[in-house]
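# Understanding the architecture of this molecule
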Amino acid sequence: MSPMSTVRLGVNVDHVATLREQRHTPYPDLREAIRLVEDAGADGITMHLREDRRHIQLADVEMAREEVRGTLNLEMAATEEMLDIACRIRPDYCCLVPERREELTTEGGLDVKGGAGWIQEACARLTEAGIQVSLFVDASVEAVDAAVAAKAPLVELHTGAYANLTQPEACRVELGRLRDVAEYAQGKATVNAGHGLHRDNVGEVAAIEGMNELNIGHAIVCRAVMVGLAEAVHEIRQAMGVA
């Protein structure tokens, strides 16, 4: 049996809702999915309430606030609408992300430096509401510095560049960059990571010194089609302990 990682696992349930919204059915039941995922060992639930409501709906977030036993992490754009919703529902965490209607999924990190004023205002407002703020950023020293300047206590490193690589040497280089940035962030911000991670590439990221939490969704839901949601979470948990 492989050892279990001490890194927290946040499971993103967006694509359970995607299946439901394809035909506007009452199933699959997101409440049941949350219970299964938490019973299988997830430390928290992540959901992205997008402006276009393509998967998660406002009612889902309201339900999750009552249902989630661990931590609830709400991914969202830093808009007035989203800030109002977050301050009313009060998830444990809010991860501010860039958002474009035409994208299939989040394509890169938040331009914290370019939006310094309004991002800092969003961080302050969420913090005042008792919500811990994370900024989803590309893995760079400059992005970490900008997040710290915005007074965000957490950063989530975008792992898409690493996850999309197939050549071993390129993967090694990108993994080294993630390690370097995570090391630089120590003592400045809590480090999370996510995007594109799956059973075959998650172990090395989970092994990065100082890594606090990995957020994984699409790969778990896809694997669940074959083995079930609980087993898909178990598999990721096991893979996180192998490096």
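Look up: the structure comes first, before these words.
This section reports on the structure supplied with the text. Bear in mind the structure is a predicted one, so any value in this text is a computation, not a measurement. (Residues numbered from 1 in each chain as written. Predicted model: local features only at pLDDT ≥ 70, side-chain atom pairs only at ≥ 80, totals over all residues. Heavy atoms only, no water.)

### Looking at the packing of helix 10 (residues 218-227) against helix 11 (residues 229-240)
Defined as follows: Structural elements are reduced to axes, namely lines fitted to C-alpha atoms, with helices fitted over the stretch in contact, and the angle between N-to-C directions of any two is expressed from 0 to 180 degrees. Strands here are runs of E lasting at least two residues and helices are runs of H or I lasting at least four, both read from the DSSP assignment and numbered beginning at the N terminus. Each angle receives one of four descriptions, namely roughly parallel if under 35 degrees, roughly antiparallel if over 145, roughly perpendicular if within 65 to 115, and oblique otherwise. Crossing handedness is defined as follows: a turn of the near helix away from the far one that is anticlockwise and smaller than a right angle gives a left-handed crossing, while the clockwise case is right-handed. Any pair of residues with heavy atoms lying within 4.5 Å of one another is described as a contacting pair.
Where helix 10 contacts helix 11, the two axes come as close as 7 Å, and the packing angle between them is 125 degrees. Classified by the angle between their axes, helix 10 and helix 11 sit oblique to one another. The element helix 10 and its partner helix 11 pack so that their crossing is right-handed. Only Leu229, Glu231, Ala232, Val233, Glu235 and Ile236 of helix 11 make contact with helix 10, whose side of the interface consists of Ile220, Arg223, Ala224 and Val227.

### Considering helix 11
Here is the rule: For a helix, the expected span equals 1.5 Å multiplied by the number of residues minus one. Remark: exposure states derive from per-residue accessible area (1.4 Å probe, protein chains only) relative to the maximum for the residue type, with buried under 20%, exposed over 50%, and partly exposed in between.
Look at helix 11: 17 Å from first C-alpha to last across 12 residues, which is about the 16 Å you get at 1.5 Å a residue. All of the buried residues along helix 11 are Leu229, Ala232, Val233, Glu235, Ile236, Arg237, Ala239 and Met240. Tucked inside the fold, the buried residues of helix 11 contact strand 1 (8-12), helix 2 (30-39), helix 9 (202-206), strand 8 (211-216) and helix 10.

### Let's talk about the packing of helix 4 (residues 80-89) against helix 5 (residues 116-128)
Stated formally: Lys, Arg, Asp and Glu make up the charged group, whereas Ala, Val, Leu, Ile, Met, Phe, Trp, Tyr, Cys and Pro make up the nonpolar group; the residues left over, Gly among them, are polar.
Between helix 4 and helix 5, the shortest axis-to-axis distance is 10 Å and the interhelical angle comes to 15 degrees. With respect to each other, helix 4 and helix 5 are oriented roughly parallel. Once helix 4 is placed against helix 5, the crossing between them reads as right-handed. From helix 4, Glu80, Leu83, Asp84, Ala86 and Cys87 reach across to helix 5, where they touch Ala122, Arg125 and Leu126. Looking at side-chain class alone, the contact of helix 4 with helix 5 contains five nonpolar, no polar and three charged residues.

### Brief notes about the packing of aromatic side chains
As a reminder of what qualifies: Between 30 and 60 degrees the pair is tilted, below 30 it is stacked and above 60 it is edge-to-face, where a pair is any two Phe, Tyr or Trp rings, Trp via its six-membered ring, whose centres lie within 6.5 Å. By the criterion adopted, a ring carries a charge over it if an Arg CZ or a Lys NZ lies within 6 Å of its centre and within 35 degrees of its normal.
Evaluation of the coordinates by the stated rule reveals zero aromatic pairs. Over the ring of Tyr184 we find Lys188, and its NZ or CZ is 4.0 Å from the ring centre.

### Some remarks on the state of the cysteines
To keep things clear, this is the line we draw: We call a pair of cysteine sulfur atoms a disulfide when they lie within 2.5 Å.
Applying the stated rule across the entire model yields zero disulfides. We note that Cys123 lacks a disulfide partner, and the nearest cysteine sulfur, in Cys94, lies 10 Å from it. Its relative accessible area of 1% is what places Cys123 among the buried residues.

### Some words on a nonpolar patch on the surface
This is how it is decided: Each patch is built from residues lacking any salt bridge and having more than 30% relative accessible area; the joining distance is 9 Å for like charges and 5 Å for nonpolar side chains (Val, Leu, Ile, Met, Phe, Trp, Tyr). Surface accessibility in these figures is a Shrake-Rupley result with a 1.4 Å probe; residues are shielded only by whichever protein chains are displayed. Salt bridge criterion: a side-chain nitrogen from Lys or Arg within 4 Å of a carboxyl oxygen from Asp or Glu.
Taken together, Val225, Met226 and Val227 make up a surface patch of nonpolar side chains, about 310 Å² in accessible area. Turning to its location among the elements, Met226 is positioned in helix 10.

### Considering the nonpolar core
Formally: Here the nonpolar core consists of buried residues drawn from Ala, Val, Leu, Ile, Met, Phe, Trp, Tyr and Cys, with membership extended through side-chain atoms lying within 4.5 Å.
In terms of nonpolar packing, the biggest core is built from 79 residues, with Met76, Leu96, Leu126, Leu135, Leu157, Val205 and Leu214 touching the most fellow members. Beyond its immediate sequence surroundings of up to four residues, Leu157 is in contact with Phe136, Val137, Ala139, Leu178, Val181, Ala182, Val191, Asn192, Ala193 and Gly194.

### Regarding the side chain of Glu21
Applied cut-off: We define a polar contact as two N or O atoms separated by no more than 3.5 Å, with the added condition that, inside protein, one atom must be a possible hydrogen donor and the other a possible acceptor, whereas residues neighbouring each other in sequence contribute only through side-chain atom pairs.
Residue position: Glu21 is located in helix 1 (residues 14-23). Residue classification places Glu21 among the buried residues on the basis of a relative accessible area of 17%. Looking at Glu21, its side chain comes within polar contact range of the side chain of His24, at 3.4 Å. Each residue touching Glu21, except ones within four places of it in the same chain, is listed here: Arg54, His55 and Gln57.

### Considering the sheet that holds strand 7 (residues 190-194)
Operational definition: Whether two strands pair depends on DSSP finding at least two bridges between them.
Strand order in the closed barrel formed by eight strands is 1-2-3-4-5-6-7-8, and the pairing between neighbours is parallel. Across the sheet, the mean angle separating the axes of adjacent strands is 25 degrees when strand polarity is ignored. Pairing geometry for strand 4 (residues 93-96) and strand 5 (residues 132-137), over four bridges, is parallel. Pairing of Tyr93 across the sheet is with Gln132, part of strand 5.

### Regarding the pairing of strand 4
For clarity, the cut-off: Handedness of a crossover: with both strands directed away from the viewer, a clockwise path from the first strand across the helix to the second marks it as right-handed.
Taking every second residue as pointing to the same face, both faces of strand 4 are buried, with Tyr93 and Cys95 on one and Cys94 and Leu96 on the other. Note: strand 3 (residues 71-76) against strand 4, four bridges, orientation parallel. Within strand 4, the residue paired with Leu74 across the bridge is Cys94. For the crossover from strand 3 across helix 4 to strand 4, the handedness is right-handed.

What is shown is where atoms sit, not what they do.
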